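Overview (structure and organization)
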Protein chains: 2
Amino acid sequence: MNVVVQKFGGSSVADAEKFRLCAERVAEAISAGERVCVVVSAMGDATDDLISLAESVIDSPDKRELDQLLATGEQVSIAMMALTLKGMGINATSLTGAQAAIVTDGVFGRAGIVSIDTRRVNQILEAGGVAVIAGFQGVTETGDITTLGRGGSDTTAVALAAKLGGRCEIFKDVDGVYTADPRVEPTAQRLNTVSYDEMLEAAAMGSQVVHPRAVEMAKRFSVPVRVLHSHRPRGGRAQRDQSDSTGTWVGPESGMEMRAVSSVVLKKNVGRVSLRGVVNRTGVQSEVFGPLAAAHLPVDDIIQEDDGPNTINVTFTMDRKDLKEATPIIHRIAHDIGAAAVRIDNGLSTVSAVGAGMRTQAGVASRLFEALAGAGVKVENITTSEIRISCVVVDADGQRAVQAIHRAFNLHEPTAGTVADAAAAAGGLLESKPGVAAAR
Amino acid sequence: MNVVVQKFGGSSVADAEKFRLCAERVAEAISAGERVCVVVSAMGDATDDLISLAESVIDSPDKRELDQLLATGEQVSIAMMALTLKGMGINATSLTGAQAAIVTDGVFGRAGIVSIDTRRVNQILEAGGVAVIAGFQGVTETGDITTLGRGGSDTTAVALAAKLGGRCEIFKDVDGVYTADPRVEPTAQRLNTVSYDEMLEAAAMGSQVVHPRAVEMAKRFSVPVRVLHSHRPRGGRAQRDQSDSTGTWVGPESGMEMRAVSSVVLKKNVGRVSLRGVVNRTGVQSEVFGPLAAAHLPVDDIIQEDDGPNTINVTFTMDRKDLKEATPIIHRIAHDIGAAAVRIDNGLSTVSAVGAGMRTQAGVASRLFEALAGAGVKVENITTSEIRISCVVVDADGQRAVQAIHRAFNLHEPTAGTVADAAAAAGGLLESKPGVAAAR
């Protein structure tokens, strides 16, 4: 059975007309002979509206009851999607997370999927119907409704694709993953393919296309993922496999040569905290980051450097919006650990270059720094991973930095991509035909 | 365990402030040492809004999917009620119909309750918590969500009370059942007690206090029901049993003397159809009412009278709003059965006097007709049951007819009631104390 799980986000199903456009994507897949499982998020701002409703009666809503409330958002969407499909003559059956037997742990608000019993879904698919499943939600062994937290619907879709042995299509209001945000760099190109690791790094550094949690799961279970535009038609059967050049495939790295840099990501609103002249005794790092974690204030990159004999500077970045709440805590930490000085900046951005080719190609960093220097961008901090280089720059330099890196690595050239044949590599779930990707 | 099931309708929980007022009713019951199970309907117009949403994508929504959609209305309410209670420091847990194991048949849109497994509810109650349960919904054996149709939430509440061996409080935006609609007859008195049968007849004839389906169930399982105002405080422990004079008890008839007439109900917007000069052959009645039933046009009272040798007149009433749709069908029926004439009126009302005392007291009908004659009201048609007399009158006479009957049977006198001790009669679930009712 050739199964595709099609996931539509909240902005893709914000009203009746948008449901219809999404339903056309389902109809296209059916015409191509595929069995379709649809995963939907809550309509538009429904989740935020429900949170506001809860907060109208209590300041800090109980997490179980909030999940009970929020789960109605996706339940409305699945019924609406099933009704829309039926209106187009397509046999569809909606299933809540509980009905689809998506069993989670009991961590309300950010539950993890434990297991999925796909019998009911398979019955629907085998009878030639479309199963429309609520994203973002599951049920505990004791029958309590849970929500999966951020990235939940993407995760539901990938988990179902993994379990059904199918592939996953993530529909967005963009038509794929780009070498850079086209609003920042107008020559940005859509990537035909991107690797799981590149997607993970890009997502962690601010790209909002597919949630990293879902990419992690896709990587673990080798689920081929494609990012597509929810409201744009595609071609027929011939164009639905790897030779289809619409959207962006997310898959494993192939043995073919990787680009050193496949995309450049700009993250604005970065705050930076520097604790200077800290005596480096055992455990001092946990004294810094423990209180921030306890206050649920997420920290991004961390840099530690020497500042003299047995003295260090600890610098970290965090969302600017968290900085106000964090400031008194930071000053208390600085006092407790005896830091010589505290410096807090809030006018910064992070520019990240991501590319699986960095693993094997030398000189990528120097080429990048040369580009930034040529553009007159001063680099405030640097952090790297195996396939990513991130630079903290002042806000005013952010766009210029992206453009300089984009140009230096020739990302404005068409047919950019880093994975030769994601789908074929993922275990032959799709036909492998010579096509655009193979021709690179 | 002294259990009370408290049911709050949609208009009682239309916004955050109203949830708070209802939660105060729960707090009162807890203070009185009772175990409380709450049943709620969807907030305000939520159900109608969801139906409109479904109709924005398809004209005749599939019934299973519509139930999946509508069930979210009550799910929102249970979470909101549980959160409101928690905000007041009351331990509460919400349960959907499925979570409360309210198993129904598979007739989507108007499912019937098959069984309730109260284990989860009992766990919550035994742990000292409040179980907040979604009215109007259940789940089939195969896990599909159903709705119970009209009167569904009242029915959920009574069914739970029956199963838990408790009593049922139906909260409304009125403080009980009245001898007549106070807008029609300003001297109308709140009834302290009314029998199941009287309630059924009144509900069938237009009273909208408790749905007849729920009253039927209450009667079958001897569940004591009390109708109360959702937003008005009551007293403490001493006033929560039969001696409590707030609201209206609905219960079995006692052995004590019944009032001949306990209430007068006015139903406006009555249409009347008369098929005259019909040859009375076997099965002619089904030729009249079959096509109307097939078109889902409900008929109320039916009168058949002789119009000559083997010739009859068939007259029936129906809602005026259905009359337009029914008219072409009626003319086709008249043609098919060879009726000599058809007469359709749409300016009529039904005035009904209901009282369990009619079973035993003679002369009630003549006293009623005398009152109408004295008020100059012309009676167009009469139908009766064992405990009800209904007269069809022209709209303009409706209010005057109600007032005349109300006066003739002294219903303006306080402490009107027909059931001496509904709660005590229903199996000693409540303490029986001398009080207002016993003094009558």
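Residues numbered from 1 in each chain as written. Chains lettered and ligands numbered in written order. Predicted model: local features only at pLDDT ≥ 70, side-chain atom pairs only at ≥ 80, totals over all residues. Heavy atoms only, no water.

**A closer look at the relation of the copies chain B and chain A**
Rotating chain B by 180° about the axis while translating it 0.1 Å along that axis superimposes it on chain A, leaving an RMSD of 0.1 Å. Taken together, the rotation and translation describe the operation of a two-fold axis. Minimal C-alpha distance to the rotation axis in chain B is attained by Thr72 of chain B, lying at 2.6 Å. Comparing interface residues between copies, 100% of those in chain B also lie at the interface in chain A; the contact surface is shared. (Least-squares fit on C-alpha atoms with pLDDT ≥ 70 in both. Contact = heavy atoms within 4.5 Å.)

**Thoughts on the confidence of the model for chain A**
On average, residues of chain A score 88 in pLDDT, and 91% of them reach the 70 mark or higher. Low pLDDT (under 50) marks residues 416-440 of chain A, which in the prediction has 64 contacts with non-local residues, meaning those over four places away or in another chain. (pLDDT = per-residue confidence, 0-100.)

**What to know about the pairing of strand S16 (residues 341-354) of chain A**
Pairing geometry for strand S13 (residues 263-279) of chain A and S16 of chain A, over 11 bridges, is antiparallel. Looking at the pairing, Val270 of chain A lines up with Leu348 of chain A of S16 of chain A. (Pairing = 2+ DSSP bridges. Helix = DSSP H or I, 4+ residues; strand = E, 2+ residues; numbered from the N terminus.)

**Some details on the interface of chain B and chain A**
Each partner contributes residues to the interface: chain B has 37 residues there, and chain A has 37 residues. Carbon and sulfur atoms make up 63% of the surface buried where chain B meets chain A, a total of about 2,800 Å² over both sides. Measuring nitrogen to oxygen at the nearest pair gives 2.9 Å for the salt bridge that ties Asp144 of chain B to Arg120 of chain A. Across the chain B-chain A interface, the total number found is 18 residue pairs in polar contact (both at pLDDT 80 or more). Sorting the residues of the side of chain B that touches chain A by element identifies helix H2 (46-55), helix H3 (63-87) and strand S3 (92-95) of chain B as the ones contributing at least two each. Looking at the side of chain B that touches chain A element by element, the count peaks at 16 residues for H3 of chain B. Of the residues belonging to the side of chain B that touches chain A, the class tally is 19 nonpolar, 12 polar and 6 charged. (Buried area = accessible area lost by both parts, 1.4 Å probe. Salt bridge = Lys/Arg side-chain N within 4 Å of Asp/Glu carboxyl O. Polar contact = N/O pair within 3.5 Å; in protein donor to acceptor, adjacent residues only side chain to side chain. Nonpolar A, V, L, I, M, F, W, Y, C, P; charged D, E, K, R; others polar.)

**Re the packing of helix H5 (residues 152-164) of chain A against helix H7 (residues 212-220) of chain A**
All names here are of chain A. At their nearest, the axes of H5 and H7 sit 8 Å apart, and the two run at 10° to each other. By the angle class used here, H5 and H7 are roughly parallel. Along the contact surface, H5 presents Asp154, Thr155, Val158 and Ala159, while H7 presents Arg213, Ala214, Met217 and Ala218. Split by residue class, the contact of H5 with H7 holds 5 nonpolar, 1 polar and 2 charged. (Axes fitted to C-alpha atoms, helices over the stretch in contact; angles between N-to-C directions. Parallel < 35°, antiparallel > 145°, perpendicular 65-115°, else oblique.)

**Regarding the sheet that holds S13 of chain A**
All names here are of chain A. Strand order in the open sheet formed by 6 strands is S14-S15-S13-S16-S18-S17, with antiparallel pairing between adjacent strands. Unpaired on one side and paired on the other, strand S14 (302-306) and strand S17 (381-385) mark the two borders of the sheet. With strand direction ignored, the average angle separating the axes of adjacent strands in the sheet is 30°. Both S13 and strand S15 (residues 311-319) contribute to a ladder of 8 bridges, which runs antiparallel. Note on S15: the bridge partner recorded for Arg272 is Thr317. Where helix H8 (residues 284-294) meets the sheet, its contacts fall on S13, S14 and S15, and the angle it forms with S15 comes to roughly 20°. In the packing of helix H9 (residues 320-337) onto the sheet, contacts are made with S13, S15 and S16, and the angle to S16 comes to roughly 130°.

**Concerning the side chain of Glu169 of chain A**
Residue and element names in this part refer to chain A. If you trace the backbone, Glu169 turns up in strand S9 (residues 167-172). Relative accessible area serves as the criterion here: at 0%, Glu169 is assigned to the buried category. At a separation of 3.0 Å, a polar atom in the side chain of Glu169 contacts the side chain of Arg167. (Buried < 20%, exposed > 50% of the residue type's maximum accessible area, 1.4 Å probe, protein only.)

**Notes on the pattern of salt bridges**
One pass over the structure, following the stated rule, counts 64 salt bridges over all chains. Here Arg272 of chain B ties to Glu380 of chain B by a salt bridge, and the two come within 2.9 Å at their closest N and O atoms. Remark: Glu380 of chain B occurs in the loop between helix H10 (364-374) and strand S17 (381-385) and Arg272 of chain B occurs in strand S13 (residues 263-279); sequence separation between them is 108 residues. The exposure class assigned to Arg272 of chain B is buried, which follows from its relative accessible area of 6%. Classification of Glu380 of chain B by relative accessible area gives partly exposed; the value is 23%. Beyond isolated ion pairs, a larger network of salt bridges with shared partners links Glu17, Arg20, Glu24, Arg25 and Glu28 of chain A.

**Describing H3 of chain B**
All names here are of chain B. Compared with an ideal rise of 1.5 Å per residue, which puts 25 residues at 36 Å, H3 spans 36 Å between its outermost C-alpha atoms and is within 8% of the ideal. Most of H3 sits inside the fold, with 22 of its 25 residues counted as buried. N-cap assignment for H3: the residue whose side-chain oxygen lies 3.1 Å from the backbone N of Arg64 is Asp62. Gly89 lies just past H3 and shows a positive phi near 80°. (Expected span 1.5 Å × (residues − 1).)

**A closer look at unusual backbone geometry**
Positive phi, normally seen in glycine, also occurs at His296 of chain A, with a value near 55°. Given the relative accessible area of 71%, His296 of chain A is considered exposed.

**Concerning the sheet that holds strand S12 (residues 248-251) of chain B**
Residues and elements named next belong to chain B. Taking strand neighbours across the sheet as the criterion, the 8 strands line up as S3-S6-S2-S1-S9-S11-S12-S10 in an open arrangement whose pairing is mixed. Lying at the two open borders of the sheet, with one neighbouring strand each, are S3 and strand S10 (193-195). In this sheet, neighbouring strand axes are inclined to one another by 25° on average, regardless of whether the strands run parallel or antiparallel. With 6 bridges connecting them, strand S1 (residues 3-8) and strand S2 (residues 35-40) associate as parallel partners. In the strand pairing of S2, Val4 is matched with Val36.

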